[in-house]
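# Fold and geometry: a report
Here's the letter readout for the chains.
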Amino acid sequence: MASSSTYSVFGVTHIPEVRPGDDLPALIHDALLAQATPLEHGDVLLVTQKIVSKAEGRMVALDTVEPSDRARTWAAEWDRDPRAVEIVLQESRSIVRMERGLIIAETRHGWICANAGVDQSNVGGGDTVTLLPLDPSASAQRIRAGLRQRGQPDVPVIVTDTFGRPW
């Protein structure tokens, strides 16, 4: 463990492609063992929102979405997929701004971000999107408990990801 005046960061690189229903604590635990970097007391584990969303099944196939008139109109104006726009509208508590092809929205969690956190990157194809976890704090607690059950020390878990402010 590092002294209180320093810290170090390492990535967990042996996690396979995560799919809905996967046991994320087991995947993380196995990956930590495979790369010989078990958690230690005093560590903090950061887990990307994307793999949490995937494991929790927070994914939507766009071919299952029927866009509203609002989504169709806005998407046509900005050359966007109206199905993806519809998901953004559905995942938003409120729309802060829609302009120049960008939707700034308040999520159900109260966060202000681009596209209400709806994301098409790294989901195994262009016709699927991921949504933010319903309750990231509960997700973090489940991961923490699952790791403890597997013999890892009790460390804080934070569900996080890049969270840019595009304006």
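In this report, we go over the structure that sits alongside the text.

Quick notes on the rules
Residues numbered from 1 in each chain as written. Predicted model: local features only at pLDDT ≥ 70, side-chain atom pairs only at ≥ 80, totals over all residues. Heavy atoms only, no water. Helix = DSSP H or I, 4+ residues; strand = E, 2+ residues; numbered from the N terminus. Buried < 20%, exposed > 50% of the residue type's maximum accessible area, 1.4 Å probe, protein only. Polar contact = N/O pair within 3.5 Å; in protein donor to acceptor, adjacent residues only side chain to side chain. Contact = heavy atoms within 4.5 Å. Patch = residues over 30% accessible without salt bridge, like charges linked within 9 Å, V, L, I, M, F, W, Y side chains within 5 Å. Areas by Shrake-Rupley, 256 points an atom, 1.4 Å probe, with all protein chains shown as cover. Salt bridge = Lys/Arg side-chain N within 4 Å of Asp/Glu carboxyl O. Pairing = 2+ DSSP bridges. Axes fitted to C-alpha atoms, helices over the stretch in contact; angles between N-to-C directions. 1 Å grid on protein atoms, 1.4 Å probe; cavity = no way out; pocket = protein on both sides within 12 Å on 5 of 7 lines; lining within 4 Å. Points joined across faces, edges and corners; volume = space filled by probe spheres on them. Nonpolar A, V, L, I, M, F, W, Y, C, P; charged D, E, K, R; others polar. Parallel < 35°, antiparallel > 145°, perpendicular 65-115°, else oblique. Left-handed = near helix turned anticlockwise from the far one by under 90°.

### Here's the deal with the side chain of Ser-139
By secondary structure assignment, the location of Ser-139 is in helix 5 (residues 136-149). Taking relative accessible area as the criterion, Ser-139 reaches 1% and is therefore assigned buried. There is a polar contact of 2.5 Å between the side chain of Ser-139 and the side chain of Glu-56. In contact with Ser-139, other than residues within four places in its own chain, are Val-52, Glu-56, Pro-133 and Val-159.

### Re a nonpolar patch on the surface
Side chains of Val-44, Leu-46 and Ile-158 sit close together on the surface and give an oily, nonpolar patch of about 270 Å² of accessible area. Considering the arrangement of structural elements, one finds Ile-158 in strand 7 (residues 157-160).

### What to know about helix 1 (residues 24-34)
Within helix 1, 8 of the 11 residues are buried, leaving the element largely enclosed by the surrounding structure. Along helix 1, the positions that sit buried rather than exposed are Leu-24, Pro-25, Ala-26, Leu-27, Ile-28, His-29, Ala-31 and Leu-32. Those residues of helix 1 hidden inside the fold are in contact with strand 1 (45-48), helix 2 (49-55) and helix 5. Of the residues one or two after helix 1, Ala-36 is the one with positive phi, at around 60 degrees.

### Section: the pairing of strand 7
Burial along strand 7 is one-sided: Val-157 and Val-159 are buried, and none of Ile-158 and Thr-160, which face the opposite way, are. Pairing analysis gives 4 bridges linking strand 1 to strand 7, with the strands arranged parallel. Directly across from Leu-45, in strand 7, lies its bridge partner Val-157.

### Looking at the sheet that holds strand 4 (residues 102-107)
Across the sheet, 3 strands lie side by side as 3-4-5; this open sheet has antiparallel pairing. Among the strands making up the open sheet, the edge pair consists of strand 3 (92-99) and strand 5 (112-114). Averaged over all adjacent pairs, the angle separating strand axes in this sheet is 25 degrees, with direction ignored. Direction of pairing for strand 3 relative to strand 4: antiparallel, over a ladder of 6 bridges. Pairing of Met-98 across the sheet is with Ile-103, part of strand 4. Lying over the sheet, helix 3 (residues 69-78) contacts strand 3 and strand 4, oriented at roughly 30 degrees with respect to strand 3. Across the sheet, helix 4 (residues 82-90) touches strand 3 and strand 4, and the angle it forms with strand 3 is around 130 degrees.

### Here's the deal with the layout of surface pockets
By volume, the largest pocket is sized at about 1300 Å³. Lining the largest pocket are 46 residues; nearest its centre among them are Leu-45, Leu-46, Val-47, Thr-48 and Thr-160. Elements with a minimum of two residues in the lining of the largest pocket: strand 1, helix 2, strand 5 and strand 7. The class makeup of the residues in the lining of the largest pocket is 26 nonpolar, 13 polar and 7 charged. What the second largest pocket holds in volume is close to 250 Å³.

### Focus on the packing of helix 3 against helix 4
Two elements in contact, helix 3 and helix 4, have axes whose closest approach is 8 Å; the angle formed by their N-to-C orientations is 125 degrees. In terms of orientation, helix 3 and helix 4 fall into the oblique class. Here the hand of the crossing between helix 3 and helix 4 comes out right-handed. Together, Arg-70, Ala-71, Arg-72, Trp-74 and Ala-75 of helix 3 and Pro-82, Val-85, Glu-86 and Leu-89 of helix 4 make up the contact between the two elements. A per-class count over the contact of helix 3 with helix 4 returns 6 nonpolar, no polar and 3 charged.

These figures capture arrangement, not role.
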